[in-house]
Each structure stands twice: as C-alpha cells, then as structure tokens.
Amino acid sequence: MNQTGLEDMNKTTELVFSKAGIPLGIPIPTPIDVQYYIVESVIGLMAIFGNLLVLYVILFRRGLRKGHISNLYIASLAVADMAVGLLVCPFALLNSVGLPRDYTLCISMQCILLWAAAASIYSCVVVSVDRFIAVTKPHMYQSVMTRGKAQALIATSWGLAFIIGFTPAFGWNLGRPEEERCFFIEIVDFTYLAFFFFFVIVPSSIVVVVLYVIIFKAIRAQLRQASGGAAANKKTEPKGADDKSKDRAGGKRWKREVQIAKVLFLIVVFFYICWYPLFLCDSIMAFSSIFFPLPFINCLVYLSHANSAINPFLYGIASQEFRNEYKAVFLKFYCCRKRESLEVQSSDVQTKETNSQPKTNEEASDAV
C-alpha cells in the first residue's frame, strides 16, 4: 500500500488498524505509489519480452530446437519467468492498492505468485540434477536423461510447485479480511511464508550447493586426469586415427557439458541471491515483532521480480549458442524491416516516375 497516502490519512483522522496493521475504513483502491508502478511495469515488460525471445530461439531456431536437453530446463525457467511478467507483476500492482475486493480471486492471485516462485525454485533443482548426471556420469547421460524423462521431471517440478503454491487456498491463510479488500499481509499467513522459506527454498538451495560442489570437483579431477593422460600418451605408442577421433569427440562433448554446467550454475546462484532476502525477511516477521519498512520490502520485491527480467540477458552473456541465436533473430528482424522500407521507397519512386512521364497522344485524346 502507498505509504504517503497512509501518512496523510493519519494526520486527519484517528485510524483503527486491522490485525495485519493496515488501517480500516480507508477507500479502496488506495492512492497509487507512482514509483512502485513504474518499476514493476518496466520489470514486467522486460520479463515478458526477454523470455519470449528465449522461448522463440529454443522452439523455432534450428540451432537450439534440436540442441541439448538442458534447453528444455531453460525453457521451463523461461515460462516461469514469463509468468512473473504476465501475472505476478500485474497482480502485485493490483495488490498494492487493495484490489481485487473478491476474496476468492484475491487468494488465487497470491497463490499464483507463490506457484511461480516455487516453479522457478524446483526448476533450478532439476537443472542441477541434470548437470550432476551429465558431468559426473557422462557415459550414462544420454541413456539416463532422455527427452521424455526430462519432460517428466519438468512436469513433476511444476506439479509439486502447484501443490506448494496453492496450499494457502486450501486453508493455510489468515481467513477473510475484516473488509472487502486484498492486501498480501492480510491474506497470506507469515507462518506459511516461513514454511516456504525453511522447507522449500533452504532445502533446495542446500541440494543445489551440494550437487555443484560435486560437479566442480569432478571437473577438476577430470582436468587433472586429462593433463596426466596427455603426458603419458607422449611416452607410449601413438594411437590410431579412429581412437584419436573418438577421444576428440568425447572431449568436445564433455567440454560442452562443463560449459552448460557453468552457465546454469550462474543462473541458479543469481536466482537465490534475488529471492533469499525477501523470504528471509518474511520469516523474521513471522516469528518476531520486527516489521521492516514498506520501502525496504518494496525494494526486495523489485529484486525478486527483476530476476525474471535479467535471466534472458544471463543466457546471452554466459552462452555462446544463445548469443549467436539472439544476434540471428535481431539481424533477421532488422533486415526484414530494412527490406520493407526499401520496397516502400522503391514503390514511391516508381509511382513518382509514372506520374511525371508525359502523356501519350492516346491518353491526351482520352482526357479530352
């Protein structure tokens, strides 16, 4: 809610507060916080268009469509991130002014927000499991992690996220507010948010950290083994052409798996950096009398939502494949626009030339 509006009302009337600390009897919708609306709108639009680009290059560009299975996990993350732009940011804007008034619609909005967060968290876990198998068991990866199994893992993560996210709708909430309005802290129980933090975010982050520690240890061991093997090969008989080509192909494939692991590790780490502070503060408020100032909470909300807007840039920064596909899409769009403008210009020139040509005798007689 707009803090300035509350301060103005405090000066004129003696207010009665709800259990969540929000004044009763205030007009709904409350005054708009312009800064909050601008920042959330920009983040939402960036999340929508950025992740649309990610989904486009994965689904329709040949280089990534038939590429690595890990692209399916990135597509899953992009869907969750786009949901933040399409649903979560608009819902947050409505919520900031106390809308909607309907209780069922209000609690559904809060659950969709939590569902998107949980889906992103479990997508990060699935990504880490995939990289763990790819790097530590490279010879088994193609048989263990098929496209069908990857799709089943993604569907399971979204299903589990739905159960976790919609738990407040099945009773774990603060009940109907005293007035017909919709503010997050009057609907969602802070003990549920503490549960979300300690039993969803913290365990998943521990799993991710453990898996990536094992992954990077395996990478280190493999690099040492490769350097030792290269030194030993110089002293032994030279390998045949077939053996060399197999070694080269296996080495390229493993290097690619390692590169993908590094990219996804960056994305996972950035996700937890963005979401941890908000849920940590919610947990502190659930078990203590500490309440953080609204501007500070808004900044944490911006940070958590900004994660969805920045991820498409991270894919391009960290992955050469995504960078190439982004360039190809922009060049295609630019060339198409340029070609269209050239066609329009040429048609205008032809029209002018036709109009400027002198009329023939037949045309002149017709005109007469």
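Residues numbered from 1 in each chain as written. Predicted model: local features only at pLDDT ≥ 70, side-chain atom pairs only at ≥ 80, totals over all residues. Heavy atoms only, no water.

A.B. asks: So what exactly am I meant to see when it comes to the confidence of the model for the protein here?
C.D. replies: Detailed conclusions should not be drawn from predicted coordinates in areas where pLDDT is low. Residues of the protein with pLDDT of at least 70 account for 77%, and the chain-wide mean is 81. For the protein, per-element mean pLDDT is lowest for helix α13 (residues 361-367), which scores 48, and highest for helix α7 (residues 147-165), which scores 94. (pLDDT = per-residue confidence, 0-100. Helix = DSSP H or I, 4+ residues; strand = E, 2+ residues; numbered from the N terminus.)

A.B. asks: Help me understand the state of the cysteines in this model?
C.D. replies: Each disulfide is one covalent bond, formed between the sulfur atoms of two cysteines. Scanning the model with the defined rule gives one disulfide in all. What pairs with Cys 106 in a disulfide is Cys 182, and their sulfur atoms sit 2.0 Å apart. The disulfide joining Cys 106 to Cys 182 has a torsion of about 80° about its S-S bond and is therefore right-handed. Of this pair, Cys 106 sits in helix α5 (residues 103-136) while Cys 182 sits in the loop between α7 and α8 (184-187), and the two are 76 residues apart along the sequence. Summarising the burial analysis for this pair, Cys 106 and Cys 182 share the class buried. (Disulfide = S-S within 2.5 Å. Buried < 20%, exposed > 50% of the residue type's maximum accessible area, 1.4 Å probe, protein only.)

A.B. asks: Got a minute to help me understand helix α4 (residues 70-96) in this structure?
C.D. replies: Note on helix geometry: an α-helix contains 3.6 residues per turn, so any two residues three or four positions apart are oriented the same way. An ideal rise of 1.5 Å per residue puts 39 Å on 27 residues; α4 measures up with 37 Å between its terminal C-alpha atoms. Of all bends in α4, the biggest is about 40°, found at Val 84. Among the 27 residues that make up α4, 22 are buried, leaving the element largely enclosed by the rest of the structure. A positive phi of about 85° marks Gly 98, the residue just after α4. (Expected span 1.5 Å × (residues − 1). Bend = angle between axes of the 7 residues up to and from the residue.)

A.B. asks: Help me understand the environment of Thr 146, please; the structure alone is not making it clear to me.
C.D. replies: You can see Thr 146 is positioned in the loop between α6 (138-144) and α7. With 77 residues separating them along the chain, Thr 146 and Ile 69 place their C-alpha atoms 7.7 Å apart.

A.B. asks: Which parts of the structure should I look at to understand a nonpolar patch on the surface?
C.D. replies: A cluster of nonpolar side chains, Ile 32, Val 34, Ile 38, Val 42, Met 46, Ile 310, Phe 313 and Ile 317, forms an exposed patch at the surface whose accessible area comes to about 740 Å². Listed by contribution, the elements that provide at least two residues to the nonpolar patch are α2 (34-60) and α11 (294-318). The element that contributes the greatest number of residues to the nonpolar patch is α2, accounting for four residues. With respect to the secondary-structure elements, Met 46 resides in helix α2. Looking at Met 46, the relative accessible area reads 35%, which means it is partly exposed. (Patch = residues over 30% accessible without salt bridge, like charges linked within 9 Å, V, L, I, M, F, W, Y side chains within 5 Å. Areas by Shrake-Rupley, 256 points an atom, 1.4 Å probe, with all protein chains shown as cover. Salt bridge = Lys/Arg side-chain N within 4 Å of Asp/Glu carboxyl O.)

A.B. asks: Is there a simple way to think about the pattern of salt bridges in this case?
C.D. replies: Think of it this way: side chains of opposite charge can pair up when their charged atoms draw near. Tallied over the entire structure, the rule returns three salt bridges. Across the pair Arg 131 and Asp 130 runs a salt bridge, and its minimum N-O distance is 2.7 Å. Across the pair Arg 181 and Glu 186 runs a salt bridge, and its minimum N-O distance is 2.7 Å. Among the charged side chains, a network of salt bridges with common partners joins Glu 179, Arg 181 and Glu 186.

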